[in-house]
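Architecture at a glance
One-letter residues, chain by chain:
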Amino acid sequence: MNGEIVQNLKLLSPELVLVFFLVVLFTVDSIWEQTRKNFVPLALVFAACLLGTIATCWVSKLAPTVFFSGLVANDSFSAFFRYVFLFSCAAGTYLAFGSKELEKQNRMEFSLLIVCVTFGMCLMAISTHLLMLYIGIETVSILSFVMAGFKSEDLRASEASFKYFIFGAFASALMLYGFSLIYGLTGSLQYGEIAQYVQANLGNMPYLLPLSLILVYSGLAYKISAFPMHFWTPDVYEGSPTPVASFFSVGPKAAGFAAILRFFLDILSYDAASGSWKAIGGEQLVSVVAIISAITMTVGNLSAIGQNSVKRMLAYSSIAHVGYMLMGILTLDTFGLGAILFYIIAYCAMNFGAFWVVSIVADLKGSDRLDAFRGLGWSMPVLGVTMVIFLASLAGIPMFSGFIGKMLIFGAIVKTPGLLWLAVLGVLNSVVSLYYYAKILRELWLEGREPGNPSELSIYHGVALVGLAIPTVVLGLWFAPVIHFVERSIATIL
Amino acid sequence: MIPASVQILHWSHYVAACLFALGLFGFLIRKNAIVVLMCIELMLNAVNLILVEVSMRSGHPEGLIFVIFIITVAAAEAAVGLGIILNLYRAKGTVNIDAFRELQG
Amino acid sequence: MREVFFMIFSVFTVLAALGVVVSRHAIFSAFSLVLSFFGLAVLYLLWGSSFVAMLQILIYTGAIVVLFVFVVMLLDLKKEETLDSAKTGPLVLAGVSVWLFSLLVLRALNRATFFKSTNIEAASDMKSISTLLFSKYLWGFEILSVFLLALIVSACVLARAEHMERKADQ
């Protein structure tokens, strides 16, 4: 028994590293008050992420297993998402410490919260049990509410955190109702056992199972801000501090995708031979997901057009990107699902970059309106050029990672019979998105050409922007190994 | 000890559905942020009722453990939520949801 | 006999829940919430799960509702909103959507065949619960402790906001 526990804990070493650093941060905070203002917490978070990455690397080499009596799974799918989360944690902390918005706040507390949210996100990605999924989601949600209101003297931040909280609590109640119905139907909480029971009793559960799946979906859709639960996104992103918003737009979203993929693929038992979900009429479910994806991206893109605040625009655009990513689920093969993971990598870099630029501009001009960007391309060339890269990638222009991601997803969709309309809609949406991204670029480069007061971009931010721009470009040109990697990652849960 | 009679079994599910629907209704119509939070607690309790029922019927205590976790997390959620509401009340002098309109467009 | 009790307390719980939704003052909502939780505890007892019934009383009624009451009393809510002040449009919309939702759930419940276990034993005794909690679910239990650690920090963040505001007042 003891040996087994030690063996199992070994597989959880990335999470344990995070917990260890949580305790270290807690201790350091209480004995050394200076750390609340200096860069010691950043060093600790970086160390946590680095060690976590090494640990992930190490456990991903081991054979895929479901352990702790079926509570969590260790496979290359979880490893992939752990990398994404650790990256977004490190980048989010780095951005937060360089931003003027959070300058006055206690950095130690921020680091503690973000490390614990990362811990929760890892749980969401590795759990194969409804109870674990619930704890993971709540850890992420409840601490995110506090992070959204971290700039506590700001009324808008408090309001953002309130909105986030109310919808989050509502979504988790819906999701729990779905869980309890699933438990009532199948008598189990473990994904594998649920799938077995569902397979064995296909005819016996006509309405209740789809209903409970819809309820669970609405809880998870809140995390990724997909169609029925997307309306909180722009308000929360606008109100919360920009570094926090950029973290929300990447980390918890990727975690939501991890949970959705694992939950639905495991429970609905994707059947490789026939290429469809076995459990409940594959065709119906595919059309439902197709409609959700279509509405999500269209709503996101159309609402983004009229926005004057760039932060809000990016919030809507992040909804649209979720729509694109959801398309990948429809194809139900390694290619399409792998495309989602590729898109997550690309999205991680480019979206973080775009939010980063907004954060810098907001610090500089005190506003994230479009006109705050006027002429900044000329006075801060590094910022201008990297923003071009990020936005071009977000819009899906060739040579950048976003294009490859979109190409993979649309390519997979075109091959799926009956879904050509969705691919066409996706392309049309990309064209629409090009319009509003171009609005930002126009302000950056074409308006106000006179180099008024040249403002210096600090090296701290410059390094980060270039560091995020490089993968965005490189992934657009040299993507074959990454595609291979993501397909290997997704293959373990199919 | 546990008579899993069919009537009781179905009653539980229906009672839970009623509680959940009431919570949902309150969540949609009430304007007082604290009452909205209470309605969410009602929805969570509907879930607990189903879990207890299924767990007692099937003889696996798993559902009861889920209930313990839900209760813990609900307490945490209520504490954080009330903290956020208190902060907003200090700034705005009201807990009416309609007054929280700083973030519109 | 059990069925009769079950029905009585089901109706009681649902009526109390209705009280939470329609009460004009938040404090009455909180009291209705206590009643509703009490009714639920009786239902748990009728199901034979005395442990959860105890938890329900201790934590929900004893801690969570007290927290609610505390906050309601702390806030000086003079102009209390009432149901009458709600506009008819949203009210009807909410009513219709909840009605549709319950219709959907009821329809699904009527047709569903639920899981039937082959071995029905007492699941409720403390021993079986704690054995499971500290063997299979040990990892989940430990995660809760990490989560609560971070919650302490969250509480500090939320409480510090007051502190800053007080400084601004002076």
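Small disclaimer: the values here were computed from a predicted structure and weren't measured.

Criteria and thresholds
The numbering scheme is per chain: residues are counted from 1 as the chain's sequence reads. Whichever chain is written first becomes A and whichever ligand is written first becomes 1, with later ones labelled in order. The model is predicted, so local features are restricted to residues of pLDDT at least 70 and side-chain atom pairs to those at 80 or more, both for listing and for counting; the totals for chains, interfaces and linings are taken over all residues. Every helix listed is a DSSP run of H or I at least four residues long, and every strand listed is a run of E at least two residues long, numbered separately from the N terminus. Exposed residues have 12 or fewer other C-beta atoms within 10 Å of their own C-beta, buried residues have 20 or more, and partly exposed residues fall in between, where C-beta atoms are placed from the backbone. Contact between residues is assigned whenever the C-beta positions, reconstructed from backbone atoms, fall within 7 Å. Between N-to-C directions, angles cover 0 to 180 degrees, with each direction set by a line fitted to C-alpha atoms, over the stretch in contact for helices. Any angle between 65 and 115 degrees counts as roughly perpendicular, while under 35 counts as roughly parallel, over 145 as roughly antiparallel, and the rest as oblique. In a left-handed crossing the near helix is turned counterclockwise from the far helix by less than a right angle, and in a right-handed crossing that turn is clockwise. Residues are grouped as follows: nonpolar covers Ala, Val, Leu, Ile, Met, Phe, Trp, Tyr, Cys and Pro; charged covers Asp, Glu, Lys and Arg; every other residue, Gly included, is treated as polar. Multiply 1.5 Å by the residue count of a helix minus one, and that product is the helix's expected span. Put simply, a nonpolar core is a cluster of buried Ala, Val, Leu, Ile, Met, Phe, Trp, Tyr and Cys residues tied together by C-beta atoms within 7 Å. The source of the domain bounds is an automatic or database domain assignment.

Comments concerning the overall build of chain C
When you go through chain C residue by residue, the secondary structure sums to 6 helices and 0 strands. Element order for chain C, N to C, with α for helix and β for strand: α-α-α-α-α-α. Here chain C holds 170 residues, and 33% of them are scored as buried. Excluding contacts between residues fewer than 6 apart, the proportion of contacts in chain C whose partners are at least 24 apart in sequence is 59%.

A word on the overall build of chain B
Within chain B one finds 3 helices and 0 strands. Mapped from its N terminus to its C terminus, chain B presents α and β elements in the order α-α-α. Within chain B, buried positions represent 70% of all 105 residues. Pairs at least 24 residues apart make up 49% of the contacts formed inside chain B by residues separated by at least 6 positions.

Quick look at the packing of helix α14 (residues 334-365) of chain A against helix α17 (residues 401-415) of chain A
Helix-helix packing is described using two parameters, namely the angle between the two axes and the distance between the axes. Residue and element names in this part refer to chain A. Across the interface, α14 lies against α17 with an axial gap of 9 Å and an inter-helix angle of 160°. In terms of axis orientation, α14 runs roughly antiparallel to α17. Classified by chirality, the crossing of α17 by α14 is left-handed. Contact residues: α14 offers Phe335, Gly336, Ala339, Phe342, Tyr343, Ala346, Ala349 and Met350, while α17 offers Ser401, Gly402, Ile404, Gly405, Leu408, Ile409 and Ala412. Class assignment of the residues belonging to the contact of α14 with α17 gives a composition of 11 nonpolar, 4 polar and no charged.

With respect to the environment of A:Tyr94
Its place among the elements puts A:Tyr94 in helix α4 (residues 76-98). A:Tyr94 has contacts with A:Leu42 and A:Ala464, leaving out every residue within four places of it along the chain.

Notes on the environment of A:Ile340
All names here are of chain A. Counting through the fold element by element, Ile340 comes out in helix α14. Overall, the presence of 25 C-beta atoms within 10 Å leaves Ile340 in the buried class. In this structure, the C-alpha to C-alpha distance between Ile340 and Ala195, residues 145 residues apart in sequence, is 23 Å.

Describing the interface of chain C and chain B
Listed per partner, the contact involves 69 residues of chain C and 62 residues of chain B. Each residue belonging to the side of chain C that touches chain B can be placed in one class, and the counts come to 50 nonpolar, 13 polar and 6 charged.

Considering the packing of helix α2 (residues 13-31) of chain A against helix α5 (residues 107-126) of chain A
Residue and element names in this part refer to chain A. Packing of α2 against α5 brings their axes to within 10 Å, and their N-to-C directions diverge by 165°. For the element pair α2 / α5, the angle class is roughly antiparallel. Seen along the crossing, α2 lies across α5 with a hand that is left-handed. On α5, the residues touching Pro14, Glu15, Leu18, Val19, Phe21, Leu22, Leu25, Phe26 and Asp29 of α2 are Met108, Ser111, Leu112, Val115, Cys116, Thr118, Phe119 and Cys122. When its residues are assigned to classes, the contact of α2 with α5 shows 13 nonpolar, 2 polar and 2 charged.

Some points on the interface of chain C and chain A
Opposite the 28 residues of chain C that make contact, chain A presents 31 residues. Residue contributions to the side of chain C that touches chain A peak at 16 residues, all from helix α6 (residues 138-169) of chain C. Considered class by class, the residues forming the side of chain C that touches chain A number 20 nonpolar, 4 polar and 4 charged.

Details of unusual backbone geometry
Residue and element names in this part refer to chain A. In this model, Ser225 sits at a positive phi of 50°, which is unusual for a non-glycine residue. Looking at where Ser225 falls in the secondary structure, it is placed in the loop between α9 (208-224) and α10 (232-239). Residue classification places Ser225 among the buried positions, given that 28 C-beta atoms sit within 10 Å. Residue Met399 is not a glycine yet carries a positive backbone phi of 85°. Here Met399 lies in the loop between α16 (381-395) and α17.

A short note on helix α3 (residues 62-92) of chain B
All names here are of chain B. The end-to-end C-alpha separation of α3 is 44 Å, in line with the 45 Å expected for 31 residues at 1.5 Å each. Along α3, 24 of the 31 residues are buried, which leaves the element largely enclosed by surrounding structure. Gly93 sits one or two residues past α3 and shows a positive phi near 75°.

Re the nonpolar core
In this structure, A:Leu113, A:Val115 and B:Ile34 are the most contacted members of the largest nonpolar core, which totals 287 residues. In terms of residue count, the dominant contributor to this core is α14(A) (22 residues). Per-domain counts for this core show at least three residues from each of domain 1 (1-76) and domain 2 (125-170) of chain C. With residues near it in sequence (within four places) discarded, B:Ile34 still touches B:Ile85, B:Val95, C:Ala26, C:Phe68, C:Val71 and C:Val72.

Thoughts on the domain arrangement of chain C
Along its sequence, chain C is carved into domain 1 (1-76) and domain 2 (125-170). For domain 1 of chain C versus domain 2 of chain C, the separation of C-alpha centres amounts to 24 Å.

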